[in-house]
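Fold and geometry: a report
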Protein chains: 2
Amino acid sequence: MPTLDSATRDRIVAAATELIMERGYEKTTMRAIAERAEVSLGSAYYYFGGKEELVQGFYLAIARRQHELLEQRIDGVTSFGKRLDACFEAFLDASDEYRAISDSLLSFAIVPTSPLSPFSAQSRPARNQFLRTFEELVDGSDLKTDPRLREALPELLWIAQMLIVLGWVQDLSARQRVTRTVVKRLVPALARLLSAARLAPVRPFVTDALESLAMVRQRTYVGEQVKALGS
Amino acid sequence: MPTLDSATRDRIVAAATELIMERGYEKTTMRAIAERAEVSLGSAYYYFGGKEELVQGFYLAIARRQHELLEQRIDGVTSFGKRLDACFEAFLDASDEYRAISDSLLSFAIVPTSPLSPFSAQSRPARNQFLRTFEELVDGSDLKTDPRLREALPELLWIAQMLIVLGWVQDLSARQRVTRTVVKRLVPALARLLSAARLAPVRPFVTDALESLAMVRQRTYVGEQVKALGS
DNA sequence: GAACCCGTCTGAACACGTTCAAATCGCGTG
DNA sequence: CACGCGATTTGAACGTGTTCAGACGGGTTC
């Protein structure tokens, strides 16, 4: 399994990406990928463990596109609610391009032992991109909340975004308008909730939730050093 | 595609179930299933559209087992929190038996157009069983909440249970203890939240959430008549 | 130069899910 | 009984993802 950069490797990914976008994942054959990349079938398997591995690029592409769209749209906006809303919207816009293959992507992502799990070591680049986006989102905002919650927030929002995507794939309405509407409605409520986390009566809930998160983190990421939250 | 009851049909399901439990879904071949069921390969395809269809029985089995376990455990208990806790625990206990194949099950379930989607017409028997369980859970409890919320509650709890299962498959801790612990922690909070729904300051949130749910329902179930909530 | 190594590449071969034309069965009808 | 007809059954054949024994190529060592 070569880890060296290689033009061949890139050609195969490019061919796979093109074909998958043209015909969908299932209808794209390894033979077709090899042919377009001008390598033999065996070579494709020399560079990649299998067909599944060839979709890894999509996550990162979505993550980058979300970040790009978001930057354009929240320039100068400081309201946390507005920023979060723009963020999720950017994510859905970025995902739209890949809607036709989102089923396949999600099917792989859901398997915890798969390299395509969002928590896997192989997904680290895409995951980091997502987390950076949320970090920036919070940093540039006027949000005032419990500092412990603030620290965990990027990861929490990333997880929330994954829950949104679950609804999004299930959403059969035209252009997934239902998902967009529901997100638009829930974001303000979430913003208010996060602000309320500072108040004394709510704090035990926050503590409870954060402890749960800490527990979950320890047991979710596979083959990774998990940095503890809090110092 | 015959819909008549048939001993052959049952033999094939039985063979498939056995083999999948023995070896897992991927390693079970249609040829092996046909052989054990003492039919030809072609016959298996005469009765079932494909390999995927042969896992339909698992959902219903889990739903029934949950109900069975729950009945034993909440006899006489009226506290809503305790009943809900027991319910989720019964669900996780029922699911444990199928943990080895839960990846495959979930991979199929996540595809909205698949007959194995929990929202599909084919999943209706299992879905109804789940909803009945939650209906009974709420009915026999001391929960006092907003009546509109009360009506939507079985479905909401069912959805919550599906979110739990998402965490459960990702949970790599021994015997999925993390998931169980987190559920145990969050249930009381949820119970308090539902009680609080009666209070005036919270009501707008409830209205908002229920409207969102109504929207989602209209666009999620495929090929089904969706009964409106409220009369 | 010869021998050797090792990273790269090849396509035939395998096992699988699925399809299908043809064979067989069961049974009502003339 | 013979005939016909639809339901059922069959296994060969197809296209697929994947594996593997071997071929190739260029660099290093004696």
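Our structure is the block above this text.
In this report, the structure presented in the accompanying data block is examined.

Cut-offs applied
Residues numbered from 1 in each chain as written. Chains lettered and ligands numbered in written order. Predicted model: local features only at pLDDT ≥ 70, side-chain atom pairs only at ≥ 80, totals over all residues. Heavy atoms only, no water. Helix = DSSP H or I, 4+ residues; strand = E, 2+ residues; numbered from the N terminus. Buried < 20%, exposed > 50% of the residue type's maximum accessible area, 1.4 Å probe, protein only. Contact = heavy atoms within 4.5 Å. Lys, Arg positive; Asp, Glu negative; His and termini not counted. Charge placed at Lys NZ, Arg CZ, Asp CG, Glu CD. Near = heavy atom within 4 Å. Polar contact = N/O pair within 3.5 Å; in protein donor to acceptor, adjacent residues only side chain to side chain. Nonpolar A, V, L, I, M, F, W, Y, C, P; charged D, E, K, R; others polar. Least-squares fit on C-alpha atoms with pLDDT ≥ 70 in both. Core = buried A, V, L, I, M, F, W, Y, C linked by side-chain atoms within 4.5 Å. Axes fitted to C-alpha atoms, helices over the stretch in contact; angles between N-to-C directions. Parallel < 35°, antiparallel > 145°, perpendicular 65-115°, else oblique. Left-handed = near helix turned anticlockwise from the far one by under 90°. Buried area = accessible area lost by both parts, 1.4 Å probe. Salt bridge = Lys/Arg side-chain N within 4 Å of Asp/Glu carboxyl O.

1. Focus: the overall build of chain A
Of the regular secondary structure elements, chain A holds ten helices and zero strands. Secondary structure elements in chain A, listed N-terminal to C-terminal, are α-α-α-α-α-α-α-α-α-α. Seen through its C-alpha atoms, chain A measures out along the principal axes to roughly 65 × 40 × 30 Å. For chain A, with 231 residues in total, the buried portion stands at 47%. Across chain A, contacts joining residues at least 24 apart in sequence account for 72% of those joining residues at least 6 apart. Mean positive and mean negative side-chain charge positions of chain A (30 and 29 charges, respectively) differ by 3 Å.

2. A word on the protein's contact with DNA strand D
Contacts to DNA strand D come from 17 residues, most closely from A:Tyr45, B:Ser40, B:Gly42, B:Tyr46 and B:Tyr47. Here the atoms of DNA strand D within 4 Å of the protein split so that 58% fall in sugar or phosphate, with bases taking the remainder. For DNA strand D, a phosphate oxygen lies 2.9 Å from a polar atom in the backbone of A:Lys51. In the model, a phosphate oxygen of DNA strand D is placed 3.4 Å from a nitrogen or oxygen of the B:Ser43 side chain. Broken down by secondary-structure element, the contributors of at least two residues to the surface near DNA strand D are helix 2 (30-36) and helix 3 (41-47) of chain A together with helix 3 (41-47) of chain B. Looking at the surface near DNA strand D element by element, the count peaks at four residues for helix 3 of chain B. Within the surface near DNA strand D, the residues separate by chemical class into seven nonpolar, seven polar and three charged.

3. Structural notes on the relation of the copies chain B and chain A
After a rotation of 180 degrees and a shift along the axis of 0.0 Å, chain B superposes on chain A with an RMSD of 0.0 Å. Here the copies are linked by what is in effect a two-fold axis. Across chain B, the smallest distance between a C-alpha and the rotation axis is recorded for B:Ser107, namely 2.3 Å. Looking at the interface residues of chain B, 100% of them are also at the interface in chain A, so both copies use one shared face.

4. Description of the nonpolar core
Of all hydrophobic cores here, the largest spans 109 residues; its most connected members are A:Phe80 and B:Phe80. What B:Phe80 contacts, discounting residues up to four positions off in sequence, is B:Leu137, B:Val138, B:Ser141, B:Asp142, B:Leu143, B:Leu153, B:Leu157, B:Ala191 and B:Leu194.

5. Some words on the packing of helix 4 (residues 56-74) of chain A against helix 5 (residues 80-96) of chain A
Residue and element names in this part refer to chain A. The interhelical angle for the contact between helix 4 and helix 5, taken along N-to-C directions, is 135 degrees, at an axis separation of 8 Å. Viewed along their axes, helix 4 and helix 5 adopt a mutual orientation that is oblique. When you trace helix 4 past helix 5, the crossing you get is right-handed. Where helix 4 approaches helix 5, its residues Ile62, Arg65, Gln66, Leu69, Leu70, Arg73 and Ile74 are matched on the opposing element by Arg83, Ala86, Cys87, Glu89, Ala90, Phe91, Asp93, Ala94 and Ser95. Residues of the contact of helix 4 with helix 5, tallied by class, amount to nine nonpolar, two polar and five charged.

6. Description of the side chain of B:His67
All names here are of chain B. Checked against the element boundaries, His67 lands in helix 4 (residues 56-73). Overall, His67 belongs to the buried group, its relative accessible area being 16%. For His67, the side chain forms a polar contact with the side chain of Glu136, separated by 3.1 Å. In this structure His67 touches Gln129, Thr133 and Glu136, once residues within four positions along its chain are discounted.

7. Considering the interface of chain B and chain A
On the chain A side, the residues contacting the 32 residues of chain B number 32 residues. Considering only the surface of chain B that becomes buried against chain A, B:Ile110, B:Gln170 and B:Arg185 emerge as the three largest contributors, covering 22% of it. Our count for the chain B to chain A interface comes out at four salt bridges. Residue A:Arg185 is joined to B:Glu211 by a salt bridge in which the shortest nitrogen-to-oxygen separation is 2.8 Å. For the interface between chain B and chain A, the tally reads seven residue pairs in polar contact (both at pLDDT 80 or more). Listing elements by their share of the side of chain B that touches chain A, those giving two or more residues are helix 6 (102-109), helix 8 (147-170), helix 9 (177-196) and helix 10 (203-218) of chain B. Each residue belonging to the side of chain B that touches chain A can be placed in one class, and the counts come to 17 nonpolar, eight polar and seven charged.

8. What about the pattern of salt bridges?
Residues and elements named next belong to chain B. On inspection of all chains with the given rule, the structure shows 30 salt bridges over all chains. The partner of Arg203 in a salt bridge is Asp146, with the nearest N and O atoms 3.4 Å apart. Here Asp146 lies in the loop between helix 7 (124-139) and helix 8 and Arg203 lies in helix 10, a separation of 57 residues in the sequence.

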